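So you can see what is in the structure, the chains are spelled out below.
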Amino acid sequence: MFQFINTLLIGITSGAIYALMALSIVLVWRSTRVINFAQAGQALTSTFIGFQTLHYINSFWVALLVAMIGGALISALIEVTLMRVLLKHSSSGAIAGVAPIIATLGLLEVLQGTITLIWGGADVLIAPPLSNVGFTIGTNTLVFSPMKLAIIIIVLALLALLSLIFQKTSIGLSLRAAAYSPELARLAGVRVDAVRTLGWALSGATGAVAGLLLVSNGNGSFSTASMEFSLLLISGFIAAVIGGLESVLGAVLGGLALGIITSFVLMYVSDSLFFIAPFVILLLVLFIRPQGILGKKGGRRA
Amino acid sequence: MKSFNRRKLISASAILAVTALTATAVPANAFSPKSEVGVSQTEIKLGITLPMTGAASPGYNKVPAAMKAYFDYVNANGGVNGRKVTLVVKDDQYVPTQAVAKTNELILKDRVLALVAPLGTANNKAVAASVNPGKRGVPVLFVNTGFSGFADQKKFPTTYAILPSYVMEAKIMAEYIKDNFAGKTIGLVYQDDDFGTDALSGFKSAGVKFAATVGYASGSQSATTAAGWVTKLKAANCDVVILFGVSSATAAGLGTAAALKYAPQWILGSVGGDATTIKASGVPAGVLYNAVGASFLPATTDTSDEYVSLFQSIYSKAVPGSAFDNNVLVGMNSAFVTVQALKAAGANPTRASLLAAIDSKGSTFASAALLPLNYSKTSHVGYNGYWFGKYSPTGDLKPDGGKYTLYTTDSGSGAVVKSTWKRPAMPAKGLPN
Amino acid sequence: MHKLSNKVRILIFIVIGFAIYLLSNNVDELRVYQGAQVAVYVVGIASIILLTGYSGQVSLGQGALLGVGGYAAALSQLKWHLPIPATFAIAILAAAGAGALLGIAAARLSGPYLAGATLALAVGLPSIANQFTVLGGEQGLFFDVGFPPSSLGADFTQYKWFFWIASLATLLAIFWLQNVMRSRYGRTWKAIRGSEVAAELAGVNVARAKILAFTLSAGVAGLAGALLAMTIGTVSPSAFPLALSFSLLTGAVLAGVTTLGGVIIGAVTLVAIPEIVGSIVNRAGASEAIASNLPHIVVGALLILTVVFVPNGPVEQMRSRRLKNGTSL
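From a predicted model like this one, the values you see are computed outputs, not experimental measurements.

Here is what the cut-offs are and how they apply
- Residues numbered from 1 in each chain as written.
- Chains lettered and ligands numbered in written order.
- Predicted model: local features only at pLDDT ≥ 70, side-chain atom pairs only at ≥ 80, totals over all residues.
- Helix = DSSP H or I, 4+ residues; strand = E, 2+ residues; numbered from the N terminus.
- Rg over C-alpha atoms; globule rule 2.2 N^0.38 Å.
- Buried ≥ 20, exposed ≤ 12 C-beta atoms within 10 Å, placed from the backbone.
- Contact = placed C-beta atoms within 7 Å.
- Pairing = 2+ DSSP bridges.
- Right-handed = clockwise from strand over helix to strand, strands pointing away.
- Domains from an automatic or database assignment.
- Nonpolar A, V, L, I, M, F, W, Y, C, P; charged D, E, K, R; others polar.
- Core = buried A, V, L, I, M, F, W, Y, C linked by C-beta atoms within 7 Å.
- pLDDT = per-residue confidence, 0-100.
- Axes fitted to C-alpha atoms, helices over the stretch in contact; angles between N-to-C directions.
- Parallel < 35°, antiparallel > 145°, perpendicular 65-115°, else oblique.
- Left-handed = near helix turned anticlockwise from the far one by under 90°.

### Quick look at the overall build of chain B
Helices and strands together make up the secondary structure of chain B, namely 14 helices and 14 strands. Relative to its length of 433 residues, chain B is compact, with a C-alpha radius of gyration of 23 Å against a globular reference of 22 Å. With the C-alpha coordinates aligned to their principal axes, the bounding extent of chain B is approximately 75 × 65 × 45 Å. With 433 residues in all, chain B has 63% of them scored as buried. Pairs at least 24 apart in sequence give 71% of the contacts found in chain B among residues at least 6 apart.

Here it is in C-alpha cells:
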C-alpha cells in the first residue's frame, strides 16, 4: 500500500512536469500549427541560462524568472527569424507538410551543439531551492517532499495564469484564429504576426519552467546531453497528443496520466520498459481515442 | 530521357568528385618507410577514444588532460629516449559506432603507435570486432574497463587490461562483507549488462545471499527511477546495500535514499565511487559519510604518498583549478605505466617490441597502485585487488584504520587472500629509467 | 517523360559498380572504411526517400528500424549460423515486418502525429534490448561477416571487403528501389503525396498504399541496419541512437526527398562534414569538444537552410531550373 502511494506521488510530480512541456508544445501548436521538436533544446538552453544566473545572483527564484524571460526571448526569436521565413517558403513542394518539423530538428542540433560549446559537456548543478527530503508519516517517509509540493504548486499556478489569460483576454481566441485562418484573422483586425510571436514566447517561458523543475525534481545535476531532456520532449509531446493537442486542460491531464502510468510501469513491471512505455501508451491512445481525451473528432489529420 | 540522364550524370559526377577528393586527400606518409608507424625521430604518437561529451562523460572526460599532464612532464624532462610523447584525443560520446569511426581515424589517419586507455566495455568490444587491432598488431594498452573478458588473449591478443576485473571486485567485496557485516541483510543495485553480470557472477561464486537485487538498465538511472530502487530495498529491510553502477547511478541512489531518509550501510563499487563526481551530481558530502568504498590506488587525499603528492603537483600546474580526483589519478597512473612500456620497448620502439616489452617486463613496472601488475606472456591481467575504506565527512575515501589492507584474487574460482606485497619506492622525480 | 530501358539502366549500374571497384583499389584503408559508411547511409537515406518523398509520410524513427535489421542479422547468425546473404535477407524481412506494424498504426496518422510516434519509437525501441537477455543487453551482440576470401590476396583488407559487400548490396537495393518507384505503386504514392483526397477519389486505397510504403521502406532500412552492424562488428542499443535517425533524415533532406538521384550527396555529406570540420578545427588548434560539437551545429544549420531555401533538394532544384530556362542536356 505504501509503495502504491509512493508510486502515485512520483507519477504525479513527474506528470506535472510533463504537463508543462505538453503545455509548451500546445501553445506553439495553437499559434502556428507546428510541432516544435526543438523545444527540449530550448528548455535545456533556458535551464543553462538559469544556471548561469545563479553564478551572479544566488536565488533560485530569480534564476527561474531570468530563465523564463530568456526562454521566451529565444522562442520568440525563433518564430520571427525562422518560422516566418519557413512558412512563407515551404507552402508548396514535396515536404511542405513536414518541413517545419524537420527544420525544428535541425534547430535542436544547433541548440544542443551550441550549449555544449558554451557550457561544456560536464554535469553541472542547480541546487534545488527547497528540501528534497520527504515528509514523514509515522515511521514511513513519503517520496513527497517540500520541493515536489512546490513543483505541483508552480505548475498549478502557471496553469491558472494561462487559463486566465486565455479566458479573460482575447489572446486565446486570436491565437486560434491566427493559426486556423491567418487571412481571415488579419481581416478581423488580429495582428497575426504579433499573436504568433506571443504564442511562441509564452511557450518558451513555460518550457523554461519545465526544464528547471525537471532538474530540481532530481538531484539538481544535469548536462547538455541529459537523457531526461529527450524524455521530457517525448513525454511532453505524448501528453499533448493524449490531451488532444489543442486544449490546455487536456495537456495537463495528459501529462499527469502519462506520469502516473510510467511510474507504475517503472515500479511494478520493469526498468527496461521505461523508455518504450510512452510509445506504447501513445499508440494505444491513437488507436482507441484518436482525437485525444479532450480533443474533437477529425483533429488528427493536421 | 533528359531528366534521367541528368540524374545519372549527377550521381556519376558526384562519385568522380569523391574519387578525386579521396585520391588527393590521402596524406603522404610522414614517416620514413623504415621507422614504425607513429614513431618519428622526435615524436611518439599515441591515441585515445573516450566520451568527452555526452551523458557518460562526467568524471571520465578529465582523463586525457591528466594523461597529457604526465606526458608533458616526461617530455619536459627529456622525453622517451629523446622523443616526445603526444596523445591524440577523440570523443566517441560513448557510442560504439563513433568509437569504431574514431579508432579508425586514430590508426589509419593519425597513424598512432598504440591506443592507450580507451574507455567503455561496449565500445572496446565493437572496436575489437570491427577495427580488429589484434589482427593489425596495434597495441591496445590499459583499457579503461573492468570487464574480465578483455584479458582473454585469444580474443584480444594485443589488449591489456589494467583495472581489476568486476568479478574480482565482487569477490573481494563479498569477503569484506563476510569480515565486517556478517549476518546483515544485504541488497544490491547493479547495471543490467556485462558490467553488472560480471559482478553478479563474482558475488554468486563467493556465495553472497541478497535479500533484494535491483538491476537497472544503463541510461535509465535518474532520481525518479532510483525512487523505485530505494522502495524495493527498503521493503526488503536491507541494512547493507551495494551500489555497483556508474557514477550517475551511484549519485541517483544515494541522493534519493537521503530524500527518503533511508540510510543503510552503503558499499560503493569502484566504477561509480569517485567522490568528486558524486558530489558534482548534487549529493551532499554528508550522505557519502561512512559509506564503504574500494580502490587499488592510494587515496587521492593521501599526500604522504610520494606518487599522489608528485602527481598532484604536476596536475595542478598543468590544469589549474581542476580537482585532483580518482579519475585524474587513474589517468596519470596509466600514463606513467605507458611511459615505462615505451622505454622498455627499446631505442626505436615498434608495435611488436612494445607488446613484447610488456609481456616480458610488465610485471616489474613501477606504478602508483598498491598492488603489482600481473603482465606476462600468458597474462594480460593488470591489477588484481582492492583495499577498502570509508568516506570521510568531507567525502574523501580513507582506508580503514588509517592503513591500506589489500585483498587480492582472480577472475576465476581462486580464493580471496590478503596481499603482503610492498610497493617499491617511486623512481626518482617520478621519471622511470 | 521518357525513361531509360532496363538494359541501359543495368549497364549504367554495372559501370558504377566497376567505378567503385576501381575506386576501392586506389584509395587507402580509411577511405575504404568511409566508403562503406557512405554505402550504409545511401541505403538508409534511400529508405527515407521512399517513405517521405514518395508517399509523403515522415519517420523520425528510421534508426529504430535499422536496429531491428541489425539485431535480426546478428541473431540469425548467432542462433542459426546462417550464411551472410541469408542474414541480410532475414534483416530485411524482420524490419519489413516491424515496418508493416508501424505502417498500420501510421496509416491512421499524419504529419506531426506520425513524426511524434516514430520519434517515441526511436527513443524507446533500442532499450528493449535490455529487457531480453537473448539480445545481449547494453553490450549487444557480435555480428561477424568473416574475413575476405583468401583468393583475394593476403593484403586485401577487412574494410575493403566490407566496402565491396556494402556497395554491392547498395547497388542492388537502389536498382530495385528505382524499379518500385517506376512501377504502379510509385505512381500511386506520388498521387497520394500530391493530394490524398484526390487519390482517394481516383479509387486508390490510400491506407493500403501507405502501409506498403512503410513496409518496403522498413525493409530497405533493415538492410542498412545489417550493413551498419557489419561495419562496426556488433549491434547494441547505443549503436542505434536517436542521433542516427536524425542523421538519416538530414541526409535525405540534403539529398532531396523527391528523387533517388541525390542520395549520394546526402550520404557523402554526412560522412564528410565531421571530418572536414574536425580537420579545420584541429588546424585552428581548438579543443576536442569543439571538434565533436561543431559538426552538429553545421549539419543542423545545413538542414534548416536546405528546408528553407532548397526544400526539394539540390538535384530537383537544378532540374527545375533547367526546365525553366528551357535548356537541355
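### As for the overall build of chain C
Secondary structure summary: chain C contains 13 helices and 2 strands in total. Taking 20 Å as the expected radius of gyration for a compact globule of 329 residues, we find that chain C reaches 20 Å, a close match to that expectation. Taken along its principal axes, the extent of the C-alpha atoms in chain C is 60 × 50 × 45 Å. Of all 329 residues assigned to chain C, the portion counted as buried reaches 60%. Counting only contacts in chain C whose residues sit at least 6 apart along the sequence, the fraction spanning at least 24 positions is 79%.

### Remarks on the pairing of strand β6 (residues 186-191) of chain B
Residues and elements named next belong to chain B. Judged by how many residues are buried, β6 sits mostly within the fold: 6 of 6 residues are covered. Side-chain alternation along β6 places Ile186, Leu188 and Tyr190 on one buried face and Gly187, Val189 and Gln191 on a second face that is also buried. Alignment of β6 against strand β8 (residues 240-244), held across 5 bridges, turns out to be parallel. Paired with Tyr190 across the strands is Phe244, a residue of β8. Alignment of β6 against strand β7 (residues 212-216), held across 5 bridges, turns out to be parallel. Residue Leu188 lies in a different strand from β7, and its bridge partner there is Thr213. Once you follow β6 into helix α7 (residues 194-205) and on to β7, the crossover reads as right-handed.

### Some details on unusual backbone geometry
Even without glycine at this site, Asn237 of chain B takes up a positive phi of about 55°. Inspection of the secondary structure puts Asn237 of chain B in the loop between α8 (223-235) and β8.

### Some points on the interface of chain C and chain A
With 46 residues of chain C in contact, the opposing surface of chain A contributes 46 residues. Elements that contribute at least two residues to the side of chain C that touches chain A include exactly α2 (29-55), α5 (111-124), α10 (242-255) and α12 (288-309) of chain C. The element contributing the most residues to the side of chain C that touches chain A is α12 of chain C, with 13 residues.

### Looking at the domain arrangement of chain B
Residues and elements named next belong to chain B. Per the domain assignment, the segments of chain B are domain 1 (43-164 + 328-383) and domain 2 (167-295 + 389-397 + 403-418). Using C-alpha coordinates to define each centre, domain 1 is positioned 28 Å away from domain 2. In this complex, domain 1 contributes 9 residues to the contact, which on the side of domain 2 involves 16 residues. Residue classes in the side of domain 1 that touches domain 2 are distributed as 5 nonpolar, 4 polar and no charged.

### Quick word on helix α4 (residues 121-130) of chain B
Because the α-helix completes a turn every 3.6 residues, residues three or four places apart line up on one side. Residue and element names in this part refer to chain B. With 9 of its 10 residues buried, α4 lies for the most part within the structure. Looking at α4, one finds that the buried residues are Thr121, Ala122, Asn123, Asn124, Lys125, Ala126, Val127, Ala128 and Ser130. Looking one or two residues beyond α4, the residue adopting positive phi is Asn132, at roughly 55°.

### So, the environment of Val68 of chain C
Residue and element names in this part refer to chain C. For Val68, the location among the structural elements is in helix α3 (residues 62-80). Overall, Val68 belongs to the buried group, with 26 C-beta atoms counted inside 10 Å. Spatially, the C-alpha atom of Val68 lies 29 Å from that of Asn312, the residues being 244 residues apart in sequence. Every residue in contact with Val68, bar those within four places of it in the chain, is listed here: Ala94, Ala95, Ala98, Gly222 and Gly225.

### Some remarks on the environment of Asn124 of chain B
Residue and element names in this part refer to chain B. Among the structural elements, Asn124 can be located in helix α4. Between the C-alpha atoms of Asn124 and Ala344, which are 220 residues apart in sequence, the distance is 26 Å. Excluding its chain neighbours within four sequence positions, the residues that come into contact with Asn124 are Pro118, Val143, Thr145 and Phe150.

### What about the nonpolar core?
In summary, soluble globular proteins display a tendency toward joint burial of nonpolar side chains. Ala19 of chain A, Met332 of chain B together with Ile45, Ala46, Ala95, Leu223 and Leu227 of chain C are the most contacted members of the largest nonpolar core, which has 373 residues in total. Split by domain, the residues of this core number at least three in each of domain 1 (43-164 + 328-383) and domain 2 (167-295 + 389-397 + 403-418) of chain B. When neighbours within four sequence positions are excluded, Ala19 of chain A is seen to be in contact with Val155, Ala239, Ala251, Val252, Gly255 and Leu256 of chain A.

### Some words on the interface of chain B and chain A
Listed as interface residues are 31 residues of chain B and, on the opposing side, 32 residues of chain A. Among the elements of the structure, β7, α8 and α9 (247-259) of chain B are those that each provide at least two residues to the side of chain B that touches chain A. Per element, the largest residue contribution to the side of chain B that touches chain A is 7 residues, and it comes from α8 of chain B.

### So, the confidence of the model for chain B
Averaged over chain B, the pLDDT score is 85; the fraction of residues at 70 or greater is 91%. Low confidence marks residues 19-33 of chain B, where pLDDT is under 50. Its contacts with residues over four positions away, or in another chain, come to 9 contacts.

### Some points on the pairing of strand β10 (residues 292-295) of chain B
All names here are of chain B. Along β10, one buried face is formed by Val292 and Ala294 and the opposite face, lined by Gly293 and Ser295, is buried too. As paired elements, β10 and strand β11 (residues 385-391) share 4 bridges and run antiparallel to each other. Directly across from Ser295, in β11, lies its bridge partner Trp387.

### Considerations on the confidence of the model for chain C
Residue and element names in this part refer to chain C. For chain C, the average pLDDT comes to 84, and 95% of its residues sit at 70 or higher. α3 holds the highest mean pLDDT among the elements of chain C, 93, whereas helix α13 (residues 313-325) holds the lowest, 73. If you check the scores for this complex, the pTM reads 0.84 and the ipTM reads 0.83.

### Comments concerning the packing of helix α3 (residues 96-109) of chain B against α2 of chain C
Contact geometry of α3 of chain B with α2 of chain C gives a least axis separation of 9 Å together with a crossing angle of 155°. Overall, the two elements α3 of chain B and α2 of chain C adopt an arrangement that is roughly antiparallel. Facing Asn104, Glu105, Leu108 and Lys109 of chain B of α3 of chain B, the residues of α2 of chain C in contact are Glu29, Leu30 and Tyr33 of chain C.

### Quick word on the sheet that holds strand β3 (residues 114-116) of chain B
Residue and element names in this part refer to chain B. One open sheet holds the 5 strands; their spatial order is β2-β1-β3-β4-β5, and the pairing between them is parallel. With one partner strand each, in any of the chains shown, β2 (84-91) and β5 (159-161) form the two edges of the open sheet. Taken over all neighbouring pairs, the strand axes of this sheet differ in orientation by 25° on average, direction set aside. In terms of strand pairing, strand β1 (residues 43-50) meets β2 through 8 bridges, oriented parallel.

### Thoughts on the environment of Ala205 of chain A
All names here are of chain A. Among the secondary structure elements, Ala205 is positioned in helix α8 (residues 192-217). For Ala205, a count of 25 C-beta atoms within 10 Å gives the class buried. Remark: the alpha-carbon pair of Ala205 and Ile234, spanning 29 residues in sequence, is separated by 18 Å.

### Comments concerning the packing of helix α3 (residues 60-89) of chain A against helix α4 (residues 99-119) of chain A
Residues and elements named next belong to chain A. It is at 10 Å that the axes of α3 and α4 come closest, and there the two elements cross at 145°. The handedness of the crossing between α3 and α4 is right-handed. Between α3, through Ile78, Leu82 and Leu86, and α4, the contact on the second element is made entirely by Ala99, Pro100, Ala103 and Leu107. Residue classes in the contact of α3 with α4 are distributed as 7 nonpolar, no polar and no charged.

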